[in-house]
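Survey of secondary and tertiary structure
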Amino acid sequence: MSNESSERIQKASRRLRLACTLAMAGLPVVVALVWVYMNSLPWMKSRLPAEVMGDIPSFSLWLGFLVTMIPTGVAIYGLDKLRRLFGLYERGLIFGQENVACFRGLGRTIIAWVIAEFLCDVLLSTIVTLHHPPGQRILAVGLSSNEVGGLFAGFMVLTISWVMDEARKMDEEQKLFI
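A brief report on the enclosed structure follows. No experiment lies behind these values; they were computed from the predicted model shown.

What to know about the nonpolar core
Counting 15 residues, the largest nonpolar core has Trp35, Met38, Leu48, Ile56 and Val128 as its most contacted members. Secondary-structure elements contributing two or more residues to this core are α1 (3-36), α3 (58-90) and α4 (97-127). Residues within four places of Ile56 in sequence aside, it is in contact with Met38, Asn39, Leu48, Leu61, Val128 and His131. Membership of the second largest hydrophobic core comes to 14 residues, among which are Cys20, Phe86, Val157 and Met164.

Written out as structure tokens, the structure reads:
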């Protein structure tokens, strides 16, 4: 790899590592603000997994925030894996064992995020309709193409990490014979 290419990769990786760090700090703040102002944001209420009648009570808003922090926490963990990967690239480490571990962790995180989102939607449908009269409370369970695509992406990243690890091992073996 040329020195110029290496410098460009390091520069881009530094920027992406910083972006991941900022996103890790910003995500919980954004999620909290959405739940604080949920009743004032009709477009956000329409994105909930169940139709809400009237304002959502404070207790349900608090529970909604806590439940939403589950997939948000998984996303933050995934951003940390990406931040570590970009840190390795920034240091010029491209195909090491740590890189493989970051990719493997990222694949697992994507799968965990899909599961967390699914559970979050199920729980949120109940939480935001708790204040509805009996018979009008909702428990919504569903699987969309987004979840299926997310699972596929997660397994794809896991497979890439496996291939990278095998290539890394072959490279190490080859270096031992020379």
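As for the packing of α1 against α3
Packed helices, taken two at a time, are described by the angle between their axes plus the distance between the axes. For the pair α1 and α3, the least separation of the axes is 9 Å and the interaxial angle reads 175 degrees. As far as their axial angle goes, α3 and α1 are roughly antiparallel. Taken together, the residues of the contact of α1 with α3 break down into 19 nonpolar, 7 polar and 5 charged.

Looking at the packing of aromatic side chains
In the structure shown here, the tally under the stated rule is 2 aromatic pairs. For the pair Phe86 and Tyr89, a centre-to-centre distance of 6.3 Å together with 65 degrees between the ring planes defines the contact as edge-to-face. Taken together, the positions of Phe86 and Tyr89, both in helix α3 and 3 residues apart, correspond to about one turn of that helix. On the accessibility criterion, Tyr89 (17% relative accessible area) is buried.

Observations regarding the pattern of salt bridges
Under the definition given, this model contains 10 salt bridges. Put simply, Arg104 and Asp165 hold a salt bridge, and the shortest N to O gap is 3.6 Å. Of the two residues, Arg104 sits in helix α4 while Asp165 sits in helix α5 (residues 145-177), which places them 61 residues apart along the sequence. Among the salt bridges present, the one from Lys169 reaches Asp165, with a minimum N-O distance of 3.7 Å. Within this pair, Lys169 and its partner Asp165 are both found in helix α5, separated by 4 residues, close to a single helical turn. Through salt bridges with shared partners, a single ionic network connects Arg104, Asp165, Glu166, Arg168, Lys169 and Glu172.

Re the state of the cysteines
As used in these notes, a disulfide is a covalent bond between sulfur atoms, one from each of two cysteines. What the rule picks out here adds up to 0 disulfides. There is no disulfide at Cys20, and the cysteine sulfur nearest it, in Cys102, is 11 Å away. Judged by its relative accessible area of 8%, Cys20 falls in the buried class.

Cut-offs and rules
- Residues numbered from 1 in each chain as written.
- Predicted model: local features only at pLDDT ≥ 70, side-chain atom pairs only at ≥ 80, totals over all residues.
- Heavy atoms only, no water.
- Core = buried A, V, L, I, M, F, W, Y, C linked by side-chain atoms within 4.5 Å.
- Buried < 20%, exposed > 50% of the residue type's maximum accessible area, 1.4 Å probe, protein only.
- Helix = DSSP H or I, 4+ residues; strand = E, 2+ residues; numbered from the N terminus.
- Contact = heavy atoms within 4.5 Å.
- Axes fitted to C-alpha atoms, helices over the stretch in contact; angles between N-to-C directions.
- Parallel < 35°, antiparallel > 145°, perpendicular 65-115°, else oblique.
- Nonpolar A, V, L, I, M, F, W, Y, C, P; charged D, E, K, R; others polar.
- Phe/Tyr/Trp six-rings, centres within 6.5 Å; stacked < 30°, edge-to-face > 60°.
- Salt bridge = Lys/Arg side-chain N within 4 Å of Asp/Glu carboxyl O.
- Disulfide = S-S within 2.5 Å.

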